[in-house]
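Close look at the chain arrangement
Letter by letter, the chains look like this.
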Amino acid sequence: MEQLTIVGKPVTRVDAEEKVTGEAVYGYDLVLPDMLYGKALFSPKPHARIKRINTEEAKQYPGVVAVITGKDAPWTHGESIKDKPFLAQDKVRYIGEPVAAVAAMDEDTAQAAVRLIEVEYEDLPAYFSPEEACKPGAIPIHENFASYRKFDFIVPGSMPNVCEHFKLRTGDVEKGFREADLVLEERYYVPVIQHAAIEPHSSHAQVDPESGRVTIWVANDAPFRALHEISEALGLSQEKIRFINPLQGGGFGSKGGLKVETIAVALAYHTKGKPVRVKFNREETFISTLTRHEAVIHIKSGVKQDGTLAARQMTLYWGAGAYAEKSPTVCIRGSLPAPGPYRIPHVRVDGYAAYTNKPVAGSFRGYGIPQGAWACEQHMDEIAKKLRMDPVELRLKNIFVDGDLAYWGEQLHSVGLKETLIKATQAIEWGKPPGFPASQLGGEEARRLKPNIKIGKGFACISKPTRTPTTSKAGVLVNSKGEITVLAGTVEIGQGCSTILSQVAAEELKVPLDKVRMAPLDTDMIPFDASTTSSRSTYHMGNAVRRAAIDAREKLMEMARPMLEAKNEELACSNGKVYLKDQPQMALPIGDVVRRKLGNDGIVRGDASYTYEIGKDLDLETGHSDHASAFYMYATQAAEVAVDEETGRVRILRMSAAHDVGKAINPLNCAAQIEGGLAMGIGSALHEEMVIDSQGKVRNPSFLDYHLVTSLDLPEMIPIIVECPEPEGPYGAKGLGEPGLAPTPAAIGNAVADAIGVRICDLPLNPERVYWAIQQKRAKGSSRWLTEVA
């Protein structure tokens, strides 16, 4: 490969200055001329029929422009299953579902009018556990489910309220269990948590009264997918809809699909051409947008005495909440690799995405991998304990390596997992006695390491697929000043994609990085991209931008050939110039090439597309595919913790995180992604849980009561970049964004179990749960304790 000059270098983010100086305009900040303000009325009932809605008093309130209900917005939408109304129609299915909306001259007026809307409800049975919702005799939450539009891959379950049943069938698990020397079975639970992006949700919408064209301003991570979804819902051609993406203040999966957009659009149809802004506050964002899936996971494994895995059976219940959203694909992509990144001859997996009367669940960083890893990786440590085997040795005996045939039927390549395992565990000095200095424990603990402080180590491994097959298209423009503009539909959500794609374009055009800019994201102007999800952007859009830049470079060199009186093979590019290889002083700036050929206003454009052409969907009966994912991401994270047995408090002393990134386009950005993922994973391991009571009401819908990780909770973090190149990736790159938090809770859980000698199977590992686990162990003399799901 040609020597790289910009790719692989730890350059500063191209958007750093505008963000740290406050110049950046986020969706929540956006103000449009003559804008109206929208507010919604939310359901106070988890499951109820709407008997009557009275909006007359609200309509008469001074300053109110429009008041609407589901009858005024008779549309439904949904990605894989079209099941969700813009506003509740006939019934509500969770506390927080939008029932009516108001547009007014200012936000206070809109909120005051919302309070004047009267709704009469008739209660219906409600279900708050995915297992309970699936039981025979359960009342359907969606009576008309059979008539909903569904994607071809949807396999509805035979049990009540199941919107997707994923099946993986490999070998004969019963035979595997019979041949095993040890069979171990356990149940694990992962609660609902919030995305907790700094920027809450908002959307602006406008409907042109003459053309009927709909324009939506929203920080959506998949504007083309959202455009398709709203086009289908409204019955409009896609040319009649335009998405403009302001900057996004974080999303972690919560800002894809349609959330607040539907309320803004519904109101905009009743405001005579004036744009409407709908902003959710923090509580509204908590209860009415999206959560991460709760999961109940049953796992049973058979293993030989020497540690060879013989069979694994898993049943996963994914709590979808009231509407399907992305639950079917989370169920599929989360259940498929749930048995872990190991060679297992006999595997049976059943994943059920079940409707409940909780807030809607959907995409969350990791896309189901953290839930499966929480169960699988703790289960692996329990197996090692039963066999009196080192957990590292057990993993090394079974772990995926190059050339393995995965249990879903795909031959694996570019597998850097073993290297991540070795490097992550070495970084915390695995196998050595705890030697962490007491001074690292802080405060009073620094002065006296009491006998009740127990130290433990643990780790966890994961593999993660990416959404496949998908397409990314890109354009690269070169003007007469030698400035480069990249047209790409990848959304900058904080992950650094603008920097990565700028580096790729600069590398191929051989220009300084400061000559490259990213075009604003507008679906009228930008080529198609499937989505900024699934850690796919560096691989897919990176390939598309690279090809587009090469296309532009070749056009520039063809234009420069007669100017330099040379053949194409005699030319090269460097430092923003085209030059003769054997006479480098004979050179032309690329801007001059454009100007001489096309004039001062001339533009050279390169275009390209990338699709992983051989990607194949999973077989609906077996779960198999010989090309299920364009690439796989591999990681191991390891933790050392201190547990205070008197209080149950867990303090993480240090964490290492080794990630196989293929090729680090920007090592600085990779390290930041890993550290950010660790921080999120630590929060979900130790603190985070959306507390939903027996009536379906969220009891902690704010940062006052919802405990996010802070800088004081963070340990020494050791990011480790492993580069096992992916042949199809740009320069060998894979993806990184999502795996950063996937193994974290399981690694911490294993470290806590090592410290206190008892396994806790439910998250989070908060002081109360840990304390009572220790107390029950002491009272019963047991080395096992399984918490009850609240």
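Since we're looking at a predicted model, the values are computed, not measured. Each chain carries its own residue numbering, running from 1 in the written order of its sequence. In keeping with the model being predicted, local features are shown solely for residues with a pLDDT of at least 70 and side-chain atom pairs are shown and tallied solely at 80 or more, while totals for entire chains, interfaces and linings include all residues. To obtain the side-chain values, all non-hydrogen atoms of the structure were used and water was disregarded.

For helices the rule is a DSSP run of H or I covering at least 4 residues; for strands it is a run of E covering at least 2, with both sets numbered from the N terminus onward. Helix and strand counts for the protein chain come out as 19 helices and 29 strands. Expected size for 790 residues packed as a compact globule is a radius of gyration near 28 Å; at 27 Å, the protein chain falls within 12% of this value. Along the three orthogonal principal directions, the C-alpha set of the protein chain runs to about 85 × 75 × 55 Å. Per-residue accessibility, obtained with a 1.4 Å probe over protein chains only, is compared with the maximum for each type, and a residue is labelled buried under 20%, exposed over 50%, and partly exposed between these values. Within the protein chain, buried positions represent 63% of all 790 residues. Accessible surface is estimated by sampling points in the Shrake-Rupley manner with a 1.4 Å probe; for residues, cover comes only from the protein chains shown. Put simply, the protein chain shows about 29500 Å² of open surface, and 50% of that area lies on carbon and sulfur atoms. The charge count treats Lys and Arg as positive and Asp and Glu as negative. His and the chain ends do not count. All charge positions are set by atom: Lys at NZ, Arg at CZ, Asp at CG, Glu at CD. A gap of 2 Å separates the mean positions of the 91 positive and 101 negative side-chain charges of the protein chain. A radius of gyration in this sense is built from C-alpha atoms; the matching globule rule multiplies 2.2 Å by the number of residues raised to 0.38.

Here we come to the environment of G456. Structurally, the position occupied by G456 is in strand β18 (residues 453–465). In the structure, G456 is positioned 296 residues away from V752 in sequence and 6.0 Å away in space, judged by C-alpha atoms. Note on definitions: a residue-residue contact is assigned when non-hydrogen atoms from the two residues lie within 4.5 Å. Residue contacts for G456: discarding those within four places in its chain leaves A639, E640, V641, A751, D754 and A755.

A volume near 880 Å³ is recorded for the second largest pocket. Using protein atoms alone on a 1 Å grid, points that fit a 1.4 Å probe yet trap it form a cavity, whereas open point sets bounded by protein on both sides within 12 Å along at least five of seven lines form a pocket; residues with an atom within 4 Å of a point count as lining. The wall of the second largest pocket is formed by 39 residues, among which E79, F151, F153, T329 and R467 lie closest to the centre. Those elements that provide at least two residues to the lining of the second largest pocket are β9 (162–170), α6 (223–234), α9 (327–335) and β18. Take the lining of the second largest pocket: its biggest share by element is 5 residues, from α6. Looking at side-chain class alone, the lining of the second largest pocket contains 13 nonpolar, 12 polar and 14 charged residues. Grid points are joined across faces, edges and corners, and a volume is the space filled by probe spheres set on the points. Side-chain classes follow a simple rule in which Ala, Val, Leu, Ile, Met, Phe, Trp, Tyr, Cys and Pro form the nonpolar group, Asp, Glu, Lys and Arg form the charged group, and the remainder, Gly included, forms the polar group.

Here a strand pair is declared whenever DSSP counts at least two bridges between the two strands. With respect to topology, 3 strands assemble into an open sheet ordered β23-β24-β25, the strand pairing being antiparallel. Edge positions in the sheet fall to β23 (571–574) and β25 (583–589), since each of these pairs with one other strand and no more. For this sheet, the mean angle separating the axes of adjacent strands, direction not counted, is 35°. As defined by bridge partners, strand β24 (residues 577–580) adjoins β25 across 4 bridges and the pair is classed as antiparallel. By the bridge assignment, L580 is partnered in β25 with Q583. For helices, the fitted line uses only the C-alpha atoms of the stretch in contact; every axis is such a line through C-alpha atoms, and the angle between N-to-C directions lies from 0 to 180 degrees.

Turning next to the packing of aromatic side chains. For Phe, Tyr and Trp, where Trp contributes only its six-membered ring, two rings pair if their centres lie within 6.5 Å, and the inter-plane angle classes them as stacked under 30 degrees, edge-to-face over 60, or tilted in between. A full pass over the atoms with the stated rule returns 19 aromatic pairs. With a centroid separation of 6.1 Å and an interplanar angle of 35°, the aromatic rings of F400 and Y407 are classed as tilted. What makes F400 buried here is its relative accessible area of 1%. Among the residues examined, Y407 registers a relative accessible area of 3% and is labelled buried. In this scheme, Lys NZ or Arg CZ marks a charge over a ring once it lies within 6 Å of the ring centre and within 35 degrees of the ring normal. Over the ring of F145 we find K150; its NZ or CZ atom is 4.5 Å from the centre of that ring.

This part is about the confidence of the model for the protein chain. Per-residue confidence for the protein chain averages 95 on the pLDDT scale, and 97% of its residues sit at or above 70. Scored below 50 in pLDDT, residues 782–790 makes 30 contacts in the model with residues more than four places away or belonging to other chains. For every residue, the predictor reports its confidence as pLDDT, a number between 0 and 100.

Moving on: the pairing of β18. Judged by how many residues are buried, β18 sits mostly within the fold: 11 of 13 residues are covered. Where β18 meets strand β27 (residues 632–644), 13 bridges bridge the pair, whose relative direction is antiparallel. Bridge assignment links C461 to a residue of β27, and that residue is T636.

Note that E508 resides in helix α14 (residues 497–509). Side chain to side chain, E508 and Y731 meet in a polar contact 2.7 Å long. Two N or O atoms count as a polar contact when they lie within 3.5 Å, although within protein this holds only if one can serve as hydrogen donor and the other as acceptor, and sequence-adjacent residues are included solely when both atoms are side-chain atoms.

Attention now goes to the sheet that holds strand β26 (residues 603–611). Spatially, β21-β20-β19-β26 is the arrangement adopted by the 4 strands of the open sheet, whose pairing is mixed. One side of each edge strand has no neighbouring strand; the edge strands of this open sheet are β21 (516–518) and β26. Within this sheet the neighbouring strands show an average axis-to-axis angle of 20°, counted without direction. Note: strand β20 (residues 484–488) against β21, 3 bridges, orientation parallel. When the bridges of β21 are listed, V486 appears paired with M518. Contacting β19 (471–479), β20 and β21, α14 runs over the sheet at an angle of about 140° to β21.

Moving on, we get to the domain arrangement of the protein chain. Often the size quoted for an interface is simply the accessible area lost on bringing the parts together. Per the domain assignment, the segments of the protein chain are domain 1 (16–23 + 470–611), domain 2 (31–124 + 199–249 + 255–288) and domain 3 (294–467 + 619–785). Every contact between the two is made by 20 residues of domain 2 and, on the other side, 23 residues of domain 3. Here the quantity called buried area is the accessible surface, traced with a 1.4 Å probe, that two parts lose on coming together, added over both. In total, domain 2 and domain 3 occlude about 1900 Å² of area from one another, counting both sides; carbon and sulfur atoms represent 59% of this. Here K259 makes a salt bridge to E325, at a shortest N to O gap of 2.7 Å. Between the two partners, domain 2 and domain 3, sit 8 residue pairs in polar contact (both at pLDDT 80 or more). Of all the elements in the fold, those that place two or more residues in the side of domain 2 that touches domain 3 are β5 (84–85) and α8 (282–288). Counting residues per element, the side of domain 2 that touches domain 3 draws most heavily on α8, at 4 residues. The residue inventory of the side of domain 2 that touches domain 3, partitioned by class, reads 7 nonpolar, 4 polar and 9 charged. Each domain span listed reflects an automatic or database assignment of domains. Each reported salt bridge corresponds to a side-chain nitrogen of Lys or Arg within 4 Å of a carboxyl oxygen of Asp or Glu.

The side chains of a regular strand alternate, residue by residue, between the two faces of the sheet. The buried count for strand β13 (residues 241–245) comes to 4 of 5 residues, which makes it a mostly enclosed element. Pairing of strand β12 (residues 214–217) with β13, which is carried by 4 bridges, proceeds in the parallel orientation. When the bridges of β13 are listed, V214 appears paired with I241. When β13 meets strand β22 (residues 521–522), the two strands line up antiparallel, connected through 2 bridges. Each residue of the ladder has a partner; that of N245, found in β22, is L521.

At the junction of T468 and P469, the peptide bond is cis and its omega measures out at -5° in the coordinates. Looking at where P469 falls in the secondary structure, it is placed in the loop between β18 and β19. Residue N161 is not a glycine yet carries a positive backbone phi of 65°. Mapped onto the elements of the fold, N161 is located in the loop between α4 (130–134) and β9.

What follows covers the nonpolar core. Membership of the largest hydrophobic core comes to 100 residues, with the highest contact counts inside it found for W408, V641, V643, I748, I756 and L765. Look past the residues within four positions of I748 in its chain and what remains in contact with it is A639, V641, I652, M655, I682, A685, L686 and L765. Only buried residues count toward a nonpolar core, which is a set of Ala, Val, Leu, Ile, Met, Phe, Trp, Tyr and Cys residues joined through side-chain atoms within 4.5 Å. Listed in part, the 51 residues of the second largest apolar core include V11, A474, L513 and A630.

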